[in-house]
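# Structure at a glance
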Amino acid sequence: MLLQIALRKKASALTALVTAAALVLSPFSAAKAQEGKGPPVLRDTETEQLLREYTRPILRAAGLEKQNIQMVILNEASFNAFVADGRRIFVNYGAILQSDTPNQIIGVLAHETGHLAGGHLSKLREQLANAQTQMIIAMLLGAGAIVAGSTRGSSSAGNNGLANAGAAAIAGPQEMIRRSLLSYQRQQEENADRAGVKFLTATQQSPKGMYETFKRFTSESLFAARGADPYLQSHPMPAERVAALQEFASSSPYWDKKDDPALQLRHDMVRAKISAFMERPETVYRRYPQSNDSMPARYARAISTYLHGDLRSALAQIDALIQVQPNNAYFYEVRGQALLESGKPAEAIPALRKAVQLSNNSPLIEMLLGQALVGTDNKAYTDDAIRILRAAVAREPEASLGYTQLAMAYGRRGDYAEADLASAQAAFLRGDNKTARELATRAKTRFAVGTPGWVKADDIVAAKPPRN
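Residues numbered from 1 in each chain as written. Predicted model: local features only at pLDDT ≥ 70, side-chain atom pairs only at ≥ 80, totals over all residues. Heavy atoms only, no water.

Once that is clear, we can look at the overall build of the chain. Assigned secondary structure in the chain consists of 20 helices and four strands. Every one of the 468 residues in the chain was classed for burial, and the buried ones make up 46%. Of the roughly 22,800 Å² that the chain leaves accessible, carbon and sulfur atoms contribute 52%. (Helix = DSSP H or I, 4+ residues; strand = E, 2+ residues; numbered from the N terminus. Buried < 20%, exposed > 50% of the residue type's maximum accessible area, 1.4 Å probe, protein only. Areas by Shrake-Rupley, 256 points an atom, 1.4 Å probe, with all protein chains shown as cover.)

As structure tokens, then:
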């Protein structure tokens, strides 16, 4: 679990140590994250829906079903998942791609749910606050000794010894505090492992996937951990952790239970999709050669084909998939996306309408449909685009694409107040606060004072950017 409690530019060394804490499976720290900026988020309806289905029974078992825990996919190829704010589970796309079975990624999600259920984030904040207080006292005492040594003159060896003692007074407590906090985190990880197994057992799922995943990374992390002080690891030493996990996980009555074949197929389809979108075409074709006639392999090759310019062949491959599964919303989504990104928005509309229908009005697919409607330059589609995009952003208020397309549709209709407001909302979501305030200020002059549009624009004008 990577804790991101306070990644600020002026964070103390201790805060940076704790908030950049270790990965789920690896003993090294994630110190590469940019301050104040997380890695970009990937959005995909098919993948997000699968992850929600994976976590729903686990969250129910943990008593968190009503907490509206969200799944967030990060554009990172490494195997990692973490919780950061008590309401979201972050998963790198690499964790999904590298999980051979649903049970393996479900085990990791169960572990992260263990952190949420245990309230580890809030408890760690308390530990951090206590440590900071202790450190302040220790540093004050140490600084006093340094000052005492320096004011008595720098030529005396005794005085130098006193100053050195002051420095030791600072370093000593800092090291003890650091070890105390890391020990606390190690205990959290052990508790999350046990809680994860408990939730899996309660939902009649095997904990073997969790064990297999942790064991898989043990050999990779042992080299890095060899010779390391186990008391300086934020997670238990890998071999010890895996051994402990095996001991209590193997006692589950569902240890040997296999994943449902239909779920395995959906998992493989999502992995194929991720590979096609995120990996080089030569890598995709090594994973899914022409000799592989499975649905996941055909899906990956169809997507990769359209991404790399052969639209006609890609459409033929996608249509062949649709013949096999005519009610698969995501095949229609890919068909529409391929046409839209190839400059054929009018041709994309029928496929995207079908995808919206089959996906129970997925807001992300609705945004693609709205984009296609706007992209045709046909004013007859304007009202339909506005209706669809308004519904989409109402359910996905943090997706800037929806507001961008909505602004274009309003502009085409001549409703410049709503166009300015939607553009301001899109800029605000992108983090362009200056542009957002300028557009919102202009929008306020177009709305009557006190109307809903005026109030929304005023909120953007008054919003303060995050402090560094």
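Another point: the pattern of salt bridges. According to the stated counting rule, one finds 22 salt bridges in the structure shown. We note a salt bridge from Arg 271 to Asp 100, for which the minimum N-O separation is 3.5 Å. On the criterion of sequence distance, the pair formed by Arg 271 in helix 9 (residues 261–278) and Asp 100 in the loop between helix 3 (93–97) and helix 4 (102–117) is long-range, its members being 171 residues apart. (Salt bridge = Lys/Arg side-chain N within 4 Å of Asp/Glu carboxyl O.)

Let us look at the pairing of strand 2 (residues 70–74). Most of strand 2 sits out of view: four of its five residues are buried. Pairing geometry for strand 1 (residues 41–42) and strand 2, over two bridges, is antiparallel. Among the inter-strand pairings, Leu 42 is bridged to a residue of strand 2, identified as Ile 73. The pairing of strand 2 with strand 4 (residues 88–92) spans five bridges and is parallel. Along strand 4, the bridge assignment pairs Met 71 with Ile 89. (Pairing = 2+ DSSP bridges.)

The next point concerns the packing of aromatic side chains. According to the stated counting rule, one finds four aromatic pairs in the structure shown. Considering the side-chain rings of Phe 82 and Phe 90, the 5.1 Å spacing of their centres and the 10° angle between planes classify their relative orientation as stacked. The pair Phe 82 / Phe 90 is uniform in exposure class, with both members buried. (Phe/Tyr/Trp six-rings, centres within 6.5 Å; stacked < 30°, edge-to-face > 60°.)

What follows deals with the side chain of Glu 48. Position of Glu 48 relative to the elements: it lies in helix 2 (residues 45–61). Each residue touching Glu 48, except ones within four places of it in the same chain, is listed here: Leu 42, Arg 43, Ile 73 and Leu 364. (Contact = heavy atoms within 4.5 Å.)

So, on to the nonpolar core. Grouped together as the largest cluster of nonpolar side chains are 53 residues, with contacts concentrated most on Tyr 299, Phe 331, Leu 369 and Leu 406. For this core, the element with the highest residue contribution is helix 15 (residues 363–375), accounting for eight residues. Those residues within four positions of Leu 369 in sequence are excluded, and the remaining contacts are Ile 349, Leu 352, Arg 353, Val 356 and Ile 388. Membership of the second largest hydrophobic core comes to 40 residues, among which are Leu 64, Ile 69, Val 108 and Phe 248. (Core = buried A, V, L, I, M, F, W, Y, C linked by side-chain atoms within 4.5 Å.)

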